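Chains, contacts and geometry: an overview
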Amino acid sequence: MSLYNFKKIEPVPTGTDFIDIILSKTQRKTPTVIHKNYNIGRIRQFYMRKVKFTQENFEEKFKNILDEFPKLEDIHPFYADLMNVLYDKDHYKLALGQINTARHLIDQVAKDYVRLLKFGDSLYRCKQLKKAALGRMATIMKRQKDSLAYLEQVRQHLSRLPSIDPNTRTLLICGYPNVGKSSFINKITRADVDVQPYAFTTKSLFVGHMDYKYMRWQVIDTPGILDHPLEERNTIEMQSVTAMAHLRACIMYFMDLSEQCGYSVEDQVKLFHSIKPLFANKPICLVINKIDQAKPEDLPEEQRAWIEEIAKDENATVMTMSCYNDIGVMDVRNLACDKLLAARVEMKMKGNKINDVINKIHLAQPAARDNISRMPNIPLGAKEKAKFDVNDPNRPKLAKDIEAENGGAGVYNVDLKKSYMLAEDEWRYDAIPEFYDGRNVADFIDPDIEEKLEALEREEERLAEEGFYDENEDMVDSDEETLRDTADAIRDRKKMIVAAHRAAHGKNRPTIPLKVAAKRSTIGQMGSKLSEMGVETNAAVERTRTEAASRKRTRAEAVGDEAVKDADAAERDESMSLEMSNLGFRNVKQKMEADKNKKVAQQNFSRMGKRGESDRGIQTKMPKHLFANKSSMGTRDWR
């Protein structure tokens, strides 16, 4: 898995496209209709909103660019040096710094013009201030066209870089051009690196992946390196130098003894000693390629001494192979992987974490009880037993053969009783009764059942005397205690939710006064209340009901409509106060004040609910240009 994913960086627009995107969004997302007859405060807010919205859009786009592009101080040194080689870190930092400066400049422009817009005294002046603010922002953006174009080129190149994990198991292939590096990575991985019979076919880093010992490995093919000073190396060679310097890998230095690559054995040995400081603390493998053309044994004594010196002084492992004939390719791969694994283990053993791991490991080693040698004892029957052969007619019949003879799986049932070990073999298939002579057979299977029952009873008596069963505390383990605490928290939370719901949706009215409640009470309620107080109420309740039933008004006693209209004012006040008490008010005056306050509170909501300048509607039902007469020589600023 790669440490960084540069493919997720979004494309960087050009300076002109940047301005078009921002201004188009401002036009779409902000109100577009304004009239000179609007309040001056409303006109100021209209244009201030456009300036602020444009500045926020620039801020958002700039922040995305600055956040997505990698910062050289925060990424792995391998990627930092690689970006320095490919793009020049000074130019890269300068481009990002100019973008950050433009962000602050646009922010300052927006603040200045918003401050001026607060004092705009007319529609024309506010409009000109808005126009000047957006124009200055666009001018600042046009100056950044070179930085934006450079960053877009960097983004495109970063997205094409191979995904390299600097910390995983890695085989790094290096050497002179045209010595067989790309052919080797094509053989051991699924990479498809171009192979041609001329130098510098590979111009950048290529990565392939393989599996060895159930682990994922990455193999990196580097461009060829020439033997000259570091200052004279070009960008292609510096990529190889960066990889060798920063990646924790097994260095596989390839050599071509046949000199078909165009470089002599002496030059290849000199190049190894030249780049040797980059191999510090890394396992080294000296791979002799193209042995189908020339082998180490065929070299002169002096050249063989050079190779042996490298193997001896640098602790390098010399390996031979031929990619053309596939001779020793897999052996070279396996030896390099094993050497890297051993080096990684050795490095971890030298670290500080090894003590923490060793303290947790205990290796049990059995001690000898005497000096007698006890060799393994293999039974004679096992030694003389013939090897199983499916085609042998005299071989023992297996359970699988019996199953096949009796219909196969799903038809044949395995005979489980044939292996029963009983005193008599003919007892195997006898049916075992559950009850015999009216008793449970299972009670008599264990001959020591009575002794065990007595021991169990004695243990129960002892526990009861010790007070074992008197304890009321339950033995609760940590998991059960956590579960109970969680359940209690859920119950408390549920109670709070129910209480909040009742408070929000319940009736929030005062309690009815006792005098009012007494006027509404019935005879039955009166009897129940007196009964609770311990008073005999049957006679009183019956008497009250009889009087109420016998007392009827005559036609003369009935109150007419006029009498109702002329009713006493005290009775009307009493009924009105009763109604007010039901609504929670003391009197009519308090209710009228509450209604007035309600209307005042609803004014803001009603005002916000009206149509505004951002609504897409026909504000003028009769446009003047459709209904006016021929225009005169006068003014035409009727809009």
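The name given to the chain in an unreviewed UniProt entry is Nucleolar GTP-binding protein 1, with Phycomyces blakesleeanus as the source organism. Per UniProt, the chain has the following entry under Function (unreviewed entry): "Involved in the biogenesis of the 60S ribosomal subunit." Recorded under Sequence similarities (unreviewed entry), the UniProt text for the chain is reproduced unchanged: "Belongs to the TRAFAC class OBG-HflX-like GTPase superfamily. OBG GTPase family. NOG subfamily."

**Some remarks on the overall build of the chain**
Along its length, the chain carries 23 helices and eight strands. Per-residue burial over the chain gives 28% buried out of 639 residues. At a minimum sequence separation of 6, the contacts of the chain that also span at least 24 residues come to 69%. Total accessible area on the chain stands at roughly 46,100 Å², and carbon and sulfur atoms take up 52% of it.

**Topic: the nonpolar core**
Judged by nonpolar contacts, the single largest core of 109 residues is most densely connected at Phe69, Tyr92, Leu151, Leu171, Phe184, Met252 and Tyr253. Per element, the largest residue contribution to this core is eleven residues, and it comes from helix 4 (residues 89-117). Leaving out residues up to four positions away in the same chain, Phe184 has contacts with Ile173, Met252, Phe254, Met321, Cys323, Val329 and Val332.

**Topic: the environment of Asp112**
Mapped onto the secondary structure, Asp112 falls in helix 4. C-alpha separation for the pair Asp112 and Ala133, spaced 21 residues apart in sequence, amounts to 8.7 Å.

**Re the sheet that holds strand 3 (residues 215-221)**
Across the sheet, which stays open at both edges, the six strands sit in the order 2-3-1-4-5-6 with mixed pairing between neighbours. Single-partner strands in this sheet number two, and they are strand 2 (206-212) and strand 6 (317-320). Going across the sheet, the axis of each strand differs from the next one's by a mean of 25 degrees, ignoring polarity. Sheet topology places strand 2 next to strand 3; seven bridges connect them, and they run antiparallel.

**A look at the packing of helix 4 against helix 6 (residues 145-160)**
Each packed pair of helices is defined by two parameters, the angle between the axes and the distance between the axes. Contact geometry for helix 4 and helix 6: axes closest at 9 Å, N-to-C directions at 125 degrees. It follows that helix 4 is oblique to helix 6 by the angle criterion. In this structure, helix 4 crosses over helix 6, and the sense of that crossing is left-handed. Across the interface between the two elements, His91, Tyr92, Ala95, Leu96, Gln98 and Ile99 of helix 4 pack against Ser147, Leu148, Tyr150, Leu151 and Val154 of helix 6. Across the contact of helix 4 with helix 6, the residue classes tally to eight nonpolar, three polar and no charged.

**Some thoughts on helix 1 (residues 15-29)**
Compared with the 21 Å implied by 1.5 Å per residue over 15 residues, the 21 Å span of helix 1 between its first and last C-alpha is a close match. Buried residues of helix 1: Gly15, Phe18, Ile19, Ile22 and Thr26, and no others. When helix 1 is viewed along its axis, its buried side chains cluster within an angular range of 95 degrees and face the same direction. Those residues of helix 1 that are exposed and angled more than 90 degrees off the buried face are Thr16 and Arg28. Where helix 1 is buried, its residues meet helix 2 (40-68), helix 5 (123-142) and helix 6.

**Notes on the pattern of salt bridges**
Per the counting criterion, the structure on display carries 21 salt bridges. Among the salt bridges present, the one from Arg395 reaches Asp401, with a minimum N-O distance of 2.8 Å.

**Brief notes about the packing of helix 2 against helix 4**
Remark: helix 2 packs on helix 4, axes separated minimally by 10 Å, with the N-to-C direction vectors making an angle of 170 degrees. Considering the angle they form, helix 2 stands roughly antiparallel to helix 4. Residue-level contacts link Arg44, Tyr47, Met48, Val51, Lys52, Gln55, Phe58, Glu59, Phe62 and Leu66 of helix 2 to Leu96, Ile99, Asn100, Ala102, Arg103, Ile106, Asp107, Ala110, Val114 and Leu117 of helix 4. Its residues assigned to classes, the contact of helix 2 with helix 4 comprises 13 nonpolar, two polar and five charged.

**A closer look at the confidence of the model for the chain**
Of the residues in the chain, 85% have a pLDDT of 70 or more, and the chain-wide mean is 82. Looking at the elements of the chain, mean pLDDT is at its lowest for helix 20 (residues 561-565), recorded as 48, and at its highest for helix 4, recorded as 94.

**Some points on a nonpolar patch on the surface**
Nonpolar side chains collect at one region of the surface, where Phe388, Val390 and Leu398 lie side by side and expose about 280 Å² of accessible area between them. Mapped onto the elements, Phe388 comes out in the loop between helix 13 (380-384) and helix 14 (399-405).

**Side note on the packing of aromatic side chains**
Going through the model one piece at a time under the given rule, you end up with twelve aromatic pairs. Arranged with centres 6.1 Å apart and planes meeting at 5 degrees, the rings of Phe18 and Phe58 form a pair that is stacked. Taken together, the residues Phe18 in helix 1 and Phe58 in helix 2 connect sequence positions 40 residues apart. Take Phe18: its relative accessible area is 0%, and that puts it in the buried class.

How each quantity is defined
- Residues numbered from 1 in each chain as written.
- Predicted model: local features only at pLDDT ≥ 70, side-chain atom pairs only at ≥ 80, totals over all residues.
- Heavy atoms only, no water.
- UniProt positions renumbered as here; feature names shortened; annotations may be inferred.
- Helix = DSSP H or I, 4+ residues; strand = E, 2+ residues; numbered from the N terminus.
- Buried < 20%, exposed > 50% of the residue type's maximum accessible area, 1.4 Å probe, protein only.
- Contact = heavy atoms within 4.5 Å.
- Areas by Shrake-Rupley, 256 points an atom, 1.4 Å probe, with all protein chains shown as cover.
- Core = buried A, V, L, I, M, F, W, Y, C linked by side-chain atoms within 4.5 Å.
- Pairing = 2+ DSSP bridges.
- Axes fitted to C-alpha atoms, helices over the stretch in contact; angles between N-to-C directions.
- Parallel < 35°, antiparallel > 145°, perpendicular 65-115°, else oblique.
- Left-handed = near helix turned anticlockwise from the far one by under 90°.
- Nonpolar A, V, L, I, M, F, W, Y, C, P; charged D, E, K, R; others polar.
- Expected span 1.5 Å × (residues − 1).
- Arc of directions from axis to C-beta.
- Salt bridge = Lys/Arg side-chain N within 4 Å of Asp/Glu carboxyl O.
- pLDDT = per-residue confidence, 0-100.
- Patch = residues over 30% accessible without salt bridge, like charges linked within 9 Å, V, L, I, M, F, W, Y side chains within 5 Å.
- Phe/Tyr/Trp six-rings, centres within 6.5 Å; stacked < 30°, edge-to-face > 60°.

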